[in-house]
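Structure assessment
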Amino acid sequence: MSLHLYHLLTVRIFIFAIFSGILCSCSTDNQPSGTFDIFIADAKIFDGTGDPAYTADLLIRGDSIAFIGNVDEGKISVQRKIDARGKVLSPGFIDAHAHGDPLATPGFENFLNMGVTTICLGQDGFSYESANLLPWIQQIDSLGVGVNVLTFIGHSTLRSLSGTNYAEEPTSDQLQRMVDLLSKGFGQGAFGMSTGLEYTPGYYAQAPEMAELAKAVGAHHGIIMSHMRNEDDNQIEKSIHELLMQGQYAPVHISHFKVVFGNGAERARHLLSILDSARQAGTQVTADVYPYMASYTSIGIVFPEWAKAPNDYRQVVASRRKELKQYLHDKVLKRNGPEATLLGNEKWKGMNLKQIADSLQLSFEDVLIDIIGPEGASGAYFVMDEALQSALIQDSLVCISSDGSPTMHHPRGYGSFAKVIGQYVNETNSLTLAEAIRKMTSLPASIIGIKNRGFIKVGKKADLLIFDPALVKDVANYEDPHQMAEGMDYIIINGALSKAPGKINVNLNGSFLSK
């Protein structure tokens, strides 16, 4: 990332801030008076921009920040005062790539406890499968939700709803139906389109289809969030260039940026230079990363396309078993062996593929073919390199995500944002606290287009965290991934207290966010 482009981004965020009405005076000459809901006193404020912290008081009225400066308590009345002396006050974290069902697990305590106040759903090409989002949104609003939720429209979902499904090329009517459904989704509040070109049916899409959909995204001022076609080291540059072609028509974003089998910081710098060159040529491209060295997805990732839908798996096993067995053998060994695949489903939860095979006295290939199959499990795959991934995390235009959910058997859904502070700020000093907070607040807000969150400024929504950064840590691990992160003292969402020391508020203070 060149210094010139870093300054350019800073200028763009500053201009964005002006036109969004987020810049304010914190002068003490104009003392506030009247009634406020929450008074946060003497906080060390990191405002989300990456600037150094400053000490001030903050007042909340309703769902918004009403004042920042020095408060004369004799001139105000408040429902609650929080003494933040010695503590950090930051914007709530925004998870650029998350999973979960707001109707099934509306509390989303896993996100809340690591400081996440907004999550972005509809990822990897799959979103709520309906041509009309409004009933789903109304259900969310009626039931309530613990964090703010927004959605993208999934490309694979568009293929399903349009009748395209697994066809390599949609008919003209099907393509128009996809464009119309995407446009309707924008009209109902979606922030962009997500793709999952490594998964079926999105895998079958070709460049002309993606170009037409990208044009529709650009016309609605959205963004394409992409799980790229292939994240393997020998294919990732081709995948990046495929995404950058779509970037001719709309901003593009690499989801959970990783390099499977890649090694070393220099490899990361080379890939980042490709993105930097694209920006210099006028393409808006960004990325997100989660701070773990194991991915998590369906076991189908190790099966060949010809063994997955729409193909008849039983017929494939009957007619091509020897070929399938050799493919699985080579693929799993390339992915660091059966010991490096940790299953997350109830029957085998916490066991790796080798342990399962040994317990059944079968080869791991036969376990995959006869016991599990391409749709029978999900797992964590230890296929990434620490030096490479750390270099990606430190890039100034890469924000943080979890790619997690309340239910998946992977610690990233419970620990990602706390781990960034605990490891990259406190342990390795790879990031300053100000920069880490920027990557988790204003940067994802500006990338996604969330205009009233991600910064601490008067008039912004009051999504706020109060914490001692030295005490923030991730507790979840691969053996026991559903352990809540620690260290967030107070969490405020839409001006209401969602967490205080010792308890989580039972109220669901989040809301569905529309673009």
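Residues numbered from 1 in each chain as written. Predicted model: local features only at pLDDT ≥ 70, side-chain atom pairs only at ≥ 80, totals over all residues. Heavy atoms only, no water.

Here we take up the overall build of the protein chain. Secondary structure summary: the protein chain contains 15 helices and 21 strands in total. Relative to the 2.2 N^0.38 estimate, which gives 24 Å for 515 residues, the radius of gyration of the protein chain is 23 Å and therefore close to what a compact globule would have. Along the longest, intermediate and shortest principal axes, the C-alpha atoms of the protein chain span 85 × 50 × 45 Å. Residues counted as buried form 59% of the 515 residues belonging to the protein chain. Considering only contacts within the protein chain whose residues lie at least 6 apart along the sequence, 77% involve residues at least 24 apart. Surface accessibility of the protein chain: about 20,000 Å² in total, with carbon and sulfur atoms responsible for 49%. Distance between charge centres in the protein chain, computed from 43 positive and 55 negative side chains, equals 2 Å. (Helix = DSSP H or I, 4+ residues; strand = E, 2+ residues; numbered from the N terminus. Rg over C-alpha atoms; globule rule 2.2 N^0.38 Å. Buried < 20%, exposed > 50% of the residue type's maximum accessible area, 1.4 Å probe, protein only. Contact = heavy atoms within 4.5 Å. Areas by Shrake-Rupley, 256 points an atom, 1.4 Å probe, with all protein chains shown as cover. Lys, Arg positive; Asp, Glu negative; His and termini not counted. Charge placed at Lys NZ, Arg CZ, Asp CG, Glu CD.)

Predicted confidence across the protein chain gives a mean pLDDT of 93, with 94% of residues reaching 70 or more. Within the protein chain, the element-level pLDDT minimum falls on helix H1 (residues 3-19), averaging 41, and the maximum on strand S6 (residues 93-95), averaging 99. The low-confidence segment residues 1-29, where pLDDT is below 50, has 41 contacts with residues more than four positions distant or belonging to other chains. (pLDDT = per-residue confidence, 0-100.)

Inspection of the entire model under this criterion finds eleven aromatic pairs. Consider the rings of Phe108 and Phe111, whose centres lie 5.7 Å apart with planes at 65°: the pair is edge-to-face. For the pair Phe108 and Phe111, one class covers both residues: buried. The lysine or arginine in question, Arg412, covers the ring of Tyr290, its NZ or CZ lying 4.7 Å from the ring centre. (Phe/Tyr/Trp six-rings, centres within 6.5 Å; stacked < 30°, edge-to-face > 60°. Lys NZ or Arg CZ within 6 Å of the ring centre and 35° of its normal.)

What follows is about the environment of Pro91. Considering the arrangement of structural elements, one finds Pro91 in strand S5 (residues 88-91). According to the relative accessible area criterion, Pro91 is buried, its value standing at 1%. For the pair Pro91 and Ile493, spaced 402 residues apart in sequence, the C-alpha separation works out to 9.9 Å.

The strand order across the open sheet built from six strands is S9-S10-S11-S12-S13-S17, with neighbouring strands paired in parallel fashion. Looking along the sheet, the strands with just one partner apiece sit at the ends: strand S9 (153-154) and strand S17 (398-400). Of the pairings in the sheet, the one linking strand S13 (residues 285-289) to S17 comprises three bridges and is parallel in character. What sits directly across from Ala287, in S17, is Val398. (Pairing = 2+ DSSP bridges.)

Here we come to the pairing of strand S16 (residues 378-382). Where strand S14 (residues 294-298) meets S16, five bridges bridge the pair, whose relative direction is antiparallel. Paired with Ala294 across the two strands is Phe382, which belongs to S16. In terms of strand pairing, strand S15 (residues 341-343) meets S16 through three bridges, oriented antiparallel. Residue pairing across strands places Leu342 opposite Ala380, the latter belonging to S16.

Moving on: helix H3 (residues 134-143). Here H3 has its buried residues at Trp136, Ile137 and Ile140. Seen end-on, H3 carries its buried residues on one side only, within an arc spanning 100°. Of the exposed residues in H3, those oriented more than 90 degrees away from the buried face are Gln138 and Ser142. Contact partners of the buried residues in H3: strand S8 (148-151). Count one or two residues on from H3 and you reach Gly144, which has phi positive near 95°. (Arc of directions from axis to C-beta.)

One way to put it is that helix H7 (residues 236-246) packs onto helix H8 (residues 265-280) with a least axis distance of 11 Å and a crossing angle of 15°. The pairing of H7 with H8 is recorded here as roughly parallel in orientation. Two packed elements cross with a definite hand, and for H7 against H8 that hand is right-handed. Along the contact surface, H7 presents Ile236, Glu237, Ile240, His241 and Leu244, while H8 presents Arg267, His270, Leu271, Ile274, Leu275 and Ala278. Among the residues forming the contact of H7 with H8, the class breakdown is seven nonpolar, two polar and two charged. (Axes fitted to C-alpha atoms, helices over the stretch in contact; angles between N-to-C directions. Parallel < 35°, antiparallel > 145°, perpendicular 65-115°, else oblique. Left-handed = near helix turned anticlockwise from the far one by under 90°. Nonpolar A, V, L, I, M, F, W, Y, C, P; charged D, E, K, R; others polar.)

Once that is clear, we can look at the environment of Ala43. Within the secondary structure layout, Ala43 lies in strand S1 (residues 34-45). Judged by relative accessible area, which is 1%, Ala43 ranks as buried. In sequence terms Ala43 and Ala294 are 251 residues apart; their C-alpha atoms lie 37 Å from each other. Those residues within four positions of Ala43 in sequence are excluded, and the remaining contacts are Tyr54, Thr55, Ala56, Ala84, Lys87 and Leu89.

Across all of its chains, the model carries 22 salt bridges by this definition. The partner of Arg229 in a salt bridge is Glu242, with the nearest N and O atoms 2.9 Å apart. A residue pair is termed long-range when its members are at least 10 positions apart, and Arg229 in the loop between strand S11 (223-227) and H7 and Glu242 in helix H7 qualify at 13 residues. By relative accessible area, which is 22% here, Glu242 ends up partly exposed. Between Arg412 and Asp403 there is a salt bridge; the shortest N-O distance is 3.1 Å. (Salt bridge = Lys/Arg side-chain N within 4 Å of Asp/Glu carboxyl O.)

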